[in-house]
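So you can see what is in the structure, the chains are spelled out below.
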Amino acid sequence: MNSDATENTAAPMDRHSELNPPQRDAVTTLSGPLLVLAGAGTGKTRVITARTAELIRSGIAADRILCVTFTNKAAREMQGRIAAQLGGGRRAQKPWVSTFHSLCVRILRQEITALGYPLTFSICDRRDQESIARTALRDIRVGDKTMRPGDLVNRISRWKSAGVTPDTATAHTENDLDFLSAVAFRKYQIALKTSAAVDFDDLLLLTNQLFCEFPDVLSRQQQRFDHVLVDEYQDTNTSQFQIIESLVREHDNLCVVGDDDQSIYGWRGAEVEHILGFQSHFPGAKVVRLEDNYRCTAEILDLANRLVRHNRGRHDKKLIPHKTSGEAVRFAEFPDEVSEAENVVREIKYLVNELEVSIGDIAILFRTNEQPRLFETELRRSKLNYILMGGQSFFDRREIRDMLAYLKAIAQPKDEVSLLRIINTPARGIGNSTVEKLLERSVRQRAGMWDVIPVAIAQKEISAKAGAALGKFQQLLNRYREQFQRAPHDMARIAHQLMDEIDYEGEIQKQYKDPQQQIMRSEMLDQFIESINEYVKRSDHPSLAGYLEDAALEGRDEESDQEKELEQNALKLMTLHSAKGLEFPRVYMVGMEENLLPHRRSIDGDDSQIAEERRLAYVGITRAKDHLTLCRAASRKKFGKSRPSLPSRFLFEMRSDSESAIAT
DNA sequence: AAGGAGGGTTTTTTT
DNA sequence: AACCCTCCTT
């Protein structure tokens, strides 16, 4: 009805004096452990930033304050908000705002070098992990049971974040699957080690290990920070908890902010127990509850409250709406997923073109990454601007991964994962059989790939031709290694030269027949060179390893102003997971069906997994400020086949009254 | 060794 | 429907 997007009617809280009483309480409690239980839309990030600013005003040096976030995006945003809070005069003062992983890398780099060891590991990203997992699983099979690499990586990640090693994992197997994964876990760890690589979880584990084994390292790090603040505390896993606990042990000046109802990362090792048990971990902790919601209309909030009431074992809180009522939440049903996309997009087109709704105010949220495709097609057809957030990132594209693998193999000669990726891309006469033989020998001799080549040639295991190709390839890598070392400021140019020398463009022409694809891929490569350029510009001591580290931790580098503008004028397509922490005037939650939300794989699991899916739905609903539409399709295609799709159980739970809630 | 055809598998969520 | 893997031909 109301055609123009409702402006920020919310939260009169930008000024400190306009904080509501509990918020002010949280902001001005400056020492000791503090738990801020903040429901959705209650201004929790604002409390963190205001509190940080308050600490600085009270005389704490900014660089003795550490704010920890989970994503780089959140870190950047927080940095900006704190700067805004402090105003111009204190612009020079910047607290440390960092993700767990960047924090750990910084600590490791600093301290390991200080201990006199060379720091030469490379960081594996998710794709690398999966490819290691794939080889680890290759000849492991129990009966006909096999495991997908992605599942293994998740399992290993959960183990690692809980401090489980391959040894302890093997000791506690209860079934074949456990045993299978424990064996693969060991192989995975060995592969990482021989590649001189660490994964994301190792960064945290190594930091903890460093703290345990070198007390002076720990105390040095403890003395760096007088205050630590953690956002989204419900998502901390055990190693993250340990790091935080170690850092604040001496002074307990720890402020954590979170909402147990928004814990949606249990599958990767997050433990709600950390937020539920905060007061027993940190005796004497003060607890502040923020229950005044300034974001959602009463109708939206009512729905969210009703849904989440079906979960047990939560801090009971009730969000109080502070917005005048809006329109009713809408429920829509369509015959199939194509029609769902068509209709949602048609409505959006109408809103934007006829009612002058700003397209940047609209978001479509979904459970899985396969869902947005249809919406993309429809949006493009309707000539509506959109961005797919968090999807296939820049560094996930095949050509970028290939180039990165080159750089990694150059930076770290031991990195066999990267080496294997590019050893014959573009084709240079080193075929599968050659690689197989080398791999086999390297496992047998427990030596690196490069080390076994001379023997393999001497034994006539591989052809002279392949041997020559290998020699030439090694020379290429060595030559570039030297060049990158000699002129790190020239990295972008050297990388470009490398690309030309291996004729990667030619490879693209060969691989993709479609000329449009070819153009797009080439553009990607240009952007890749550009991203190196930007790295060199912003860093004091650029190095190849430094660039690769950034690429692994940051994903895409900071958005330019241009991109920010683009983002503002585009509809957002994103998963429920990546929507956490954001808000939009208009939200469409699509695919509200059994097997999708809750997802099939959590239905098969235990109750706690359904509860997590329920929280996911809760997160989605509470992203909406004014308008919310919940959509479902009566049938949906899966693996190319159309099958009937039932409405999500959550739809019934939201609409029914408390009886069923009590029954659970 | 390279390229292409055909067959089988896949889709949770992410720092 | 898209992707990956394997096998087959050259």
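Preceding this paragraph is the structure being described.
Residue positions are counted from 1 within each chain, in the order its sequence is given. Here chains are named by letter from A upward and ligands by number from 1 upward, in the order in which they appear as written. With the structure being a predicted model, the display of local features is reserved for residues of pLDDT at least 70 and the display and counting of side-chain atom pairs for 80 or more, all residues being used for whole-chain, interface and lining totals. Where side-chain values are given, they derive from all heavy atoms of the structure, hydrogens and water being excluded.

Participant: Would you take a moment to explain the overall build of chain A for this structure?
Facilitator: Segments assigned H or I by DSSP are reported as helices when at least four residues long, segments assigned E as strands when at least two residues long, and all are numbered from the N terminus. Along chain A, the regular secondary structure elements total 31 helices and 17 strands. Here the C-alpha atoms of chain A give a radius of gyration of 26 Å, agreeing with the 26 Å that 2.2 N^0.38 yields for 664 residues. Referenced to the eigenvectors of the C-alpha coordinate spread, the extents of chain A come out at roughly 80 × 60 × 55 Å. Out of the 664 residues belonging to chain A, those deemed buried represent 53%. The contacts of chain A with a sequence gap of at least 6 include a subset with a gap of at least 24, amounting to 77%. Computed by Shrake-Rupley with a 1.4 Å probe, the accessible areas treat only the displayed protein chains as cover when residues are assessed. Of the roughly 31100 Å² of accessible surface on chain A, 49% is carried by carbon and sulfur atoms. His residues and chain termini do not enter the charge count, which takes Lys and Arg as positive and Asp and Glu as negative. One atom stands in for each charge, and that atom is NZ of Lys, CZ of Arg, CG of Asp or CD of Glu. Distance between charge centres in chain A, computed from 92 positive and 98 negative side chains, equals 3 Å. With the radius of gyration taken over C-alpha atoms, the globule rule is written as 2.2 Å times the number of residues to the power 0.38. Relative accessibility under 20% of the residue-type maximum defines a buried residue, over 50% an exposed one, and the middle range a partly exposed one, all with a 1.4 Å probe and only protein chains included. By definition in these notes, contact holds between two residues if any of their heavy atoms fall within 4.5 Å.

Participant: Would you mind showing me how to read helix H4 (residues 100-114) here?
Facilitator: For an α-helix the count is 3.6 residues per turn, leaving residues at separations of three or four pointing the same way. A helix is expected to span 1.5 Å for every residue after the first. For H4, with 15 residues, the first-to-last C-alpha span of 21 Å sits near the 21 Å given by 1.5 Å per residue. If you check which residues of H4 are buried, you get Phe100, Ser102, Leu103, Cys104, Val105, Ile107, Leu108, Glu111 and Ile112. The positive-phi residue at the C-terminal boundary of H4 is Gly116, with phi of around 95°.

Participant: Sorry if this is basic, but what is going on with the nonpolar core here?
Facilitator: General note: in soluble globular proteins, nonpolar side chains tend to be found buried as a group. Only buried Ala, Val, Leu, Ile, Met, Phe, Trp, Tyr and Cys residues count toward a nonpolar core, and they belong to the same one when joined by side-chain atoms within 4.5 Å. Counting residues in each nonpolar core, the largest one holds 51 residues, and the members touching the most others are Phe473, Phe528 and Tyr547. At 8 residues, the largest contribution of residues to this core is made by helix H17 (residues 398-411).

Participant: Teacher, can you tell me more about helix H29 (residues 607-621) here?
Facilitator: Here H29 spans 21 Å end to end across 15 residues, near enough to the 21 Å set by a 1.5 Å rise per residue. With 12 of 15 residues buried, H29 is to be regarded as a mostly interior element. Those residues of H29 not exposed but buried are Ile610, Ala611, Glu612, Glu613, Arg614, Arg615, Leu616, Ala617, Tyr618, Val619, Gly620 and Ile621.

Participant: Looking at this structure, I do not really get the protein's contact with DNA strand B. What am I missing?
Facilitator: Being near a molecule or strand, for a residue, means having at least one of its heavy atoms within 4 Å of it. Not every one of the 27 residues close to DNA strand B is listed here, only the nearest: Phe70, Arg367, Asn369, Glu370 and Arg601. Near-protein atoms of DNA strand B (within 4 Å) split between backbone and bases, with sugar and phosphate holding 51%. Within the contact set of DNA strand B, a phosphate oxygen lies 2.8 Å away from a side-chain nitrogen or oxygen of Thr434. The separation between a phosphate oxygen of DNA strand B and a polar side-chain atom of Thr575 is 3.1 Å. Charged means Asp, Glu, Lys or Arg here, nonpolar means Ala, Val, Leu, Ile, Met, Phe, Trp, Tyr, Cys or Pro, and polar covers whatever is left, Gly included. Of the residues that constitute the surface near DNA strand B, the class distribution is 6 nonpolar, 13 polar and 8 charged. Polar contacts, as used here, are pairs of N or O atoms within 3.5 Å; protein pairs need one atom able to donate a hydrogen and one able to accept it. Residues neighboring in sequence count only if both atoms are side-chain atoms.

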